[in-house]
Amino acid sequence: VVEIGDATKLSRLEDNTIDYILTDPPYGEAIQYSELSLVWNCWLRQTYLAKNEIIVNPEQDKNPETYSSLLNAFIIEASRVLRPNATMTISFHSKDIELWCNLARSLYESGFDLADLYISQGVGSPFTKNWAKFSPKSDIYITILNSRTTGRKLVESSGQEFIQSLSKHTLDMSSNQQQLYDFIVLATIDKTMSGTYLSGLHQKNMSSLLTMLATAL
């Protein structure tokens, strides 16, 4: 069954009925799906309701906080419909480290446990892999377990100090900033899903942090 609906309100699905979810949500402001599909929707005489579109779009009065709130609403619904200890895999990409932090925080506080982090290098050199300086050029998959652990609260810690501590580890990679950014994303998700929220990580200071880490290598 293929159905078009609102991912933040999975009202047609009963509790504890889904074995597995594979999802690829919008990546912040990277692609404006409703605007890009306007011509096709008009051609097909379809009405696209963008009110609950999970996106960052000033024209829709949706800032990064609104985006994270809508994505969190979906995650809560996913936890509800998934069977206990069932899994969900999220394919996610963003050039904004804050969106990664908020995603991991939402997953942790919604009772999910990290089951697997997988990074897959893309084949070829398509334009979409190179259009943004800080966009991961690889496919990152987060698989989480619906453990439904309630009452979780993250302990806050300095994100910059955490990034600096990564330079103490032996990394099997070059000093290429894109590879380092992907590594930071994976390390940030793992740290957050272990119960620590890394504060102070912003896209505006990523360049200096990446340079520092590259120099340390």
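Scroll up to find the structure this text is about.
The text that follows walks through the structure, step by step, so that each part is easy to find.

Criteria and thresholds
Residues numbered from 1 in each chain as written. Predicted model: local features only at pLDDT ≥ 70, side-chain atom pairs only at ≥ 80, totals over all residues. Heavy atoms only, no water. Salt bridge = Lys/Arg side-chain N within 4 Å of Asp/Glu carboxyl O. Helix = DSSP H or I, 4+ residues; strand = E, 2+ residues; numbered from the N terminus. Buried < 20%, exposed > 50% of the residue type's maximum accessible area, 1.4 Å probe, protein only. Axes fitted to C-alpha atoms, helices over the stretch in contact; angles between N-to-C directions. Parallel < 35°, antiparallel > 145°, perpendicular 65-115°, else oblique. Left-handed = near helix turned anticlockwise from the far one by under 90°. Contact = heavy atoms within 4.5 Å. Nonpolar A, V, L, I, M, F, W, Y, C, P; charged D, E, K, R; others polar. Core = buried A, V, L, I, M, F, W, Y, C linked by side-chain atoms within 4.5 Å. Patch = residues over 30% accessible without salt bridge, like charges linked within 9 Å, V, L, I, M, F, W, Y side chains within 5 Å. Areas by Shrake-Rupley, 256 points an atom, 1.4 Å probe, with all protein chains shown as cover. Arc of directions from axis to C-beta. Polar contact = N/O pair within 3.5 Å; in protein donor to acceptor, adjacent residues only side chain to side chain. Pairing = 2+ DSSP bridges.

1. Thoughts on the pattern of salt bridges
Here's step 1: This model, assessed by the stated rule, comprises 6 salt bridges.
Here's step 2: Glu77 is the partner of Arg80 in a salt bridge, and the nearest nitrogen-oxygen pair spans 2.9 Å. Remark: Glu77 and Arg80 occur in helix α3 (residues 64-81); sequence separation between them is 3 residues, near one turn of the helix.
Here's step 3: Here Arg80 falls in the partly exposed class, since its relative accessible area comes to 24%.
Here's step 4: Glu77 gets classed as buried once you look at its relative accessible area, which sits at 13%.
Here's step 5: Residues joined in a network through salt bridges with shared partners are Asp15, Glu77 and Arg80.

2. Some remarks on the packing of α3 against helix α4 (residues 97-109)
Here's step 1: In contact at an axis separation of 10 Å, α3 and α4 are set at 30° when each is read in the N-to-C sense. Here α4 runs roughly parallel to α3, going by the angle between their axes. Read as a crossing pair, α3 and α4 show a hand that is right-handed. Between α3, through Pro64, Tyr67, Ser68, Leu71, Asn72 and Ile75, and α4, the contact on the second element is made entirely by Leu99, Asn102, Leu103, Ser106 and Leu107.
Here's step 2: Of the residues assigned to the contact of α3 with α4, the class counts are 7 nonpolar, 4 polar and no charged.

3. Observations regarding the nonpolar core
Here's step 1: Of all hydrophobic cores here, the largest spans 42 residues; its most connected members are Met88, Trp100 and Leu107.
Here's step 2: Residue assignment for this core shows that the elements contributing at least two residues are α3, β2 (82-91), α4, β4 (138-146), α5 (159-166), α6 (177-192) and β6 (196-199).

4. Focus: a nonpolar patch on the surface
Here's step 1: Judged by side-chain polarity, Val39, Trp40, Trp43 and Leu44 come together as a nonpolar surface patch covering roughly 530 Å² of accessible area.
Here's step 2: On the secondary structure map, Val39 appears in helix α2 (residues 38-43).
Here's step 3: We classify Val39 as exposed; its relative accessible area is 59%.

5. Some points on α5
Here's step 1: Those residues of α5 that sit buried are Gly159, Phe162, Ile163 and Leu166. End-on view of α5: buried residues confined to an arc of 100°, all on one side of the axis.
Here's step 2: The N-cap residue of α5 is Ser158: its side-chain oxygen and the backbone nitrogen of Glu161 are 3.2 Å apart.

6. Structural notes on unusual backbone geometry
Here's step 1: Non-glycine residue Asp61 carries a positive phi angle of around 55°.
Here's step 2: In this structure Asp61 comes out as exposed when scored by relative accessible area, which is 68%.
Here's step 3: Even without a glycine there, the phi angle at Arg148 is positive, about 55°.
Here's step 4: Take Arg148: it is sitting in the loop between β4 and β5 (155-158).
Here's step 5: Residue classification places Arg148 among the partly exposed residues on the basis of a relative accessible area of 29%.

7. Comments concerning the sheet that holds strand β3 (residues 112-121)
Here's step 1: Spatially, 4 strands are ordered β1-β2-β4-β3 in an open sheet, and the strand pairing comes out mixed. Because the sheet does not close on itself, it has two edges, and the strands there are β1 (18-23) and β3. The mean inter-strand angle of the sheet, taken between neighbouring strand axes irrespective of direction, is 15°.
Here's step 2: Its contacts with the sheet put α3 on β1, β2, β3 and β4, and the angle it makes with β2 is roughly 140°.
Here's step 3: The sheet contacts of α4 involve β2, β3 and β4, and relative to β4 the element is tilted by about 20°.

8. Focus: the environment of Glu77
Here's step 1: Taking C-alpha positions, Glu77 is 9.5 Å from Leu13, a pair spaced 64 residues apart along the chain.
Here's step 2: If near-sequence neighbours (up to four positions away) are discounted, Glu77 is found in contact with Ala7, Thr8, Lys9, Leu10 and Ser11.

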